[in-house]
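Each chain, letter by letter, is given below.
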Amino acid sequence: MTELGRIGIWTFAFDGCPAAEVREAAAEIEELGYGTLWFGEGFGRDSVSQSWLLLSATRRMTVAAGIANIAFRDPITMAAAERAINEAYPGRYVLGLGGHRVSDEPIRMDGYSIPSTGRAVASMGAYLDAMDAIPLNSAASPYPPRRMLAALGPRMLELAARRTLGAHPYFVPVEHTARARAAMGPDALLAVEQAVVLDPDVSRAREVAREHVGFYAAGAPHQVASLRRLGFGEEEISQVSDRMVDAIVAYGDMGAIDKRVRAHFDAGADHVCLQVLTARPQEMPRAEWRELAAL
C-alpha cells in the first residue's frame, strides 16, 4: 500500500498562480507535514505538467493526480507519462484516473483505441487494459505504477479495488466512505477528499460551503447521480438544502473539521485530503493550510 500519510491537501488553487508561487507553496505544504498533495485537472495546467511541477518543487511528499481525466488523453500518452514521472520521482507519484461519466455514450480515443463499451465502468476497465498493453521502451522505475480511480458508484468502487490501489472519492459525505469501504473490502486504499471552510463565523462559512455544493449540484451529472444514490431528493439537490451542504462540507472552527476527519477514519478511510474553500477561490489558502496542519 502506498504511503499517503493520514492527512493531505487537495486543491484547484494552483492553476491561477505563477509556477514560482506554486513551487514555493508546494514546498511549504511538504514542510508543514502533509503526507500527500492532490490537485484537480480542469482548465489550467494539464495533469502531467502539474505533476512535474509539484514533484520538482518537493523532496519527500507524495504528489497525486486527483484526477487525470481519461477523456483528455489517449492510453499511450497516459502510460508513457506515468512511466516517465515514476522513473524520475520513484515512489512519489500516484496517478488518479477518472472520467466524470454517467451516460451510455462511448468515449472516443485515438492511438490505442478503447473498445466502444458505452459504459463508464467498462470504459475505465478498457482504458486500464490499454495502458497495461502498451509496449513502452523508456526506462522503468523499480517501483510499479501506482493508480487509483475516482470512484463513486459501487461498480466503479469494485473496479478500483480489483485493478488499482483503491479509490479517491470526491464530494462525498461520511456515509459514502462507509459504503465505499464495504464495497471495496478491507485491503483497498480509500483516500477521501473533504471540502472544508475554516471560519469561526458559522453563518459566513456555510455560505461559502453552499456555493461550492451548488456548483456541483447544478453542473456535474456524475455528482448529482452520487447524491441521489446517497438519498438526497430532487428538491434537496435543486435547492441546495442545508442537510446536503452540511453533509458534504465541514465548516467552522478546527474542532468541527477535526470531528469530520475523524468520522471519515472511523467509517473506513485510510487517508483524508482537505480542500480548503474560501471566499477568494483565485488565491491559494496558505494561511488555512498552515492552521490545518495541526490535524
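Look a little higher up for the structure.
Bear in mind the structure is a predicted one, so any value in this text is a computation, not a measurement. (Residues numbered from 1 in each chain as written. Predicted model: local features only at pLDDT ≥ 70, side-chain atom pairs only at ≥ 80, totals over all residues. Heavy atoms only, no water.)

Draft legend 1. Quick peek at the overall build of the protein chain. Scanning the protein chain from N- to C-terminus turns up twelve helices and nine strands. Taken over the C-alpha trace, the protein chain has a radius of gyration of 18 Å; the compact-globule value for 295 residues is 19 Å, and the two agree within 12%. Considering the protein chain as a whole, with its 295 residues, one finds that 56% of them fall into the buried category. Distance between charge centroids for the protein chain: 3 Å, based on 30 positive and 37 negative side chains. (Helix = DSSP H or I, 4+ residues; strand = E, 2+ residues; numbered from the N terminus. Rg over C-alpha atoms; globule rule 2.2 N^0.38 Å. Buried < 20%, exposed > 50% of the residue type's maximum accessible area, 1.4 Å probe, protein only. Lys, Arg positive; Asp, Glu negative; His and termini not counted. Charge placed at Lys NZ, Arg CZ, Asp CG, Glu CD.)

Draft legend 2. Focus on the side chain of Arg-260. Topologically, Arg-260 is positioned in helix α11 (residues 254-267). Once you skip the residues sitting within four places of it in the chain, Arg-260 turns out to touch Val-174, Gln-194, Asp-246, Ala-247, Ile-248, Val-249 and Ala-250. (Contact = heavy atoms within 4.5 Å.)

Draft legend 3. Seen up close, the pairing of strand β3 (residues 62-69). Of all eight residues in β3, eight are buried, a share of seventy percent or more. Where strand β2 (residues 36-39) meets β3, four bridges bridge the pair, whose relative direction is parallel. Among the inter-strand pairings, Phe-39 is bridged to a residue of β3, identified as Ala-65. Crossover handedness for the path β2 to helix α2 (residues 47-57) to β3: right-handed. As paired strands, β3 and strand β4 (residues 93-98) are joined by five bridges and run parallel to one another. Within the sheet, the bridge partner assigned to Val-63 lies in β4 and is Tyr-93. As for the winding sense of the linkage, the β-α-β connection from β3 through helix α3 (residues 75-88) to β4 is right-handed. (Pairing = 2+ DSSP bridges. Right-handed = clockwise from strand over helix to strand, strands pointing away.)

Draft legend 4. Focus on unusual backbone geometry. A cis amide bond links Gly-66 to the next residue, Ile-67, at an omega of 15°. Within the fold, Ile-67 resides in strand β3. In this structure, Phe-171 is a non-glycine residue whose phi angle is positive, near 65°. Locating Phe-171 in the fold gives a position in the loop between β6 (166-167) and α6 (174-184). Phi at Val-240 takes a positive value of approximately 55°, unusual for a residue other than glycine.

Draft legend 5. Representation of the pattern of salt bridges in the model. Under the definition given, this model contains 24 salt bridges. In this structure, Arg-163 engages Asp-132 in a salt bridge whose closest nitrogen and oxygen atoms are separated by 3.4 Å. Pair noted here: Arg-163 is in helix α5 (residues 154-163) and Asp-132 is in helix α4 (residues 120-133), with a separation of 31 residues, a long-range link. Between Arg-204 and Asp-199 there is a salt bridge, with the nearest N and O atoms lying 2.7 Å from each other. Looking at Arg-204, the relative accessible area reads 48%, which means it is partly exposed. Asp-199 gets classed as buried once you look at its relative accessible area, which sits at 13%. (Salt bridge = Lys/Arg side-chain N within 4 Å of Asp/Glu carboxyl O.)

Draft legend 6. α2, seen in detail. When you tally the buried positions in α2, you get eight out of eleven residues, the bulk of the element. Looking at α2, one finds that the buried residues are Ser-47, Val-48, Gln-50, Ser-51, Leu-53, Leu-54, Leu-55 and Ala-57. On the buried face of α2, the contacting elements are α1 (19-31), β2, β3, α3 and β4. In this structure Asp-46 caps α2, since a side-chain oxygen of it lies 3.0 Å from the backbone nitrogen of Val-48. (Polar contact = N/O pair within 3.5 Å; in protein donor to acceptor, adjacent residues only side chain to side chain.)

Draft legend 7. A look at the packing of aromatic side chains. Under the defined criterion, the tally for this structure stands at seven aromatic pairs. Consider the rings of Trp-10 and Tyr-170, whose centres lie 4.9 Å apart with planes at 45°: the pair is tilted. Residue Trp-10 is found in strand β1 (residues 7-11), and its partner Tyr-170 is found in the loop between β6 and α6; the two are separated by 160 residues along the sequence. Here Trp-10 matches Tyr-170 in class, with each residue buried. Linked through ring pairs, Trp-10, Phe-12, Tyr-170, Phe-171, Phe-215 and Tyr-216 together constitute an aromatic cluster. Note that Arg-6 overlies the ring of Phe-265, its terminal NZ or CZ placed 3.6 Å from the centroid. (Phe/Tyr/Trp six-rings, centres within 6.5 Å; stacked < 30°, edge-to-face > 60°. Lys NZ or Arg CZ within 6 Å of the ring centre and 35° of its normal.)

Draft legend 8. The nonpolar core, seen in detail. Counting residues in hydrophobic clusters, the biggest one holds 64 residues, and the most contacted among them are Phe-14, Met-78 and Leu-97. Considering every element that reaches this core, the biggest residue donor is α4, with six residues. Setting aside residues no more than four positions away along its own chain, Leu-97 makes contact with Ile-67, Ala-68, Ile-70, Met-78, Met-124, Tyr-127, Leu-128, Met-131, Met-148, Leu-149 and Ala-150. If you look at the next biggest cluster of nonpolar residues, it comprises 33 residues, including Leu-4, Val-224, Leu-227 and Leu-277. (Core = buried A, V, L, I, M, F, W, Y, C linked by side-chain atoms within 4.5 Å.)

Draft legend 9. Inspection of the pairing of strand β8 (residues 249-252) at higher detail. Neither face of β8 is exposed, since Val-249 and Tyr-251 on one face and Ala-250 and Gly-252 on the opposite face are all buried. Sheet topology places strand β7 (residues 189-198) next to β8; four bridges connect them, and they run parallel. Bridge pairing in β8 places Val-196 opposite Ala-250.

As far as function goes, none of this settles anything; it's purely spatial.
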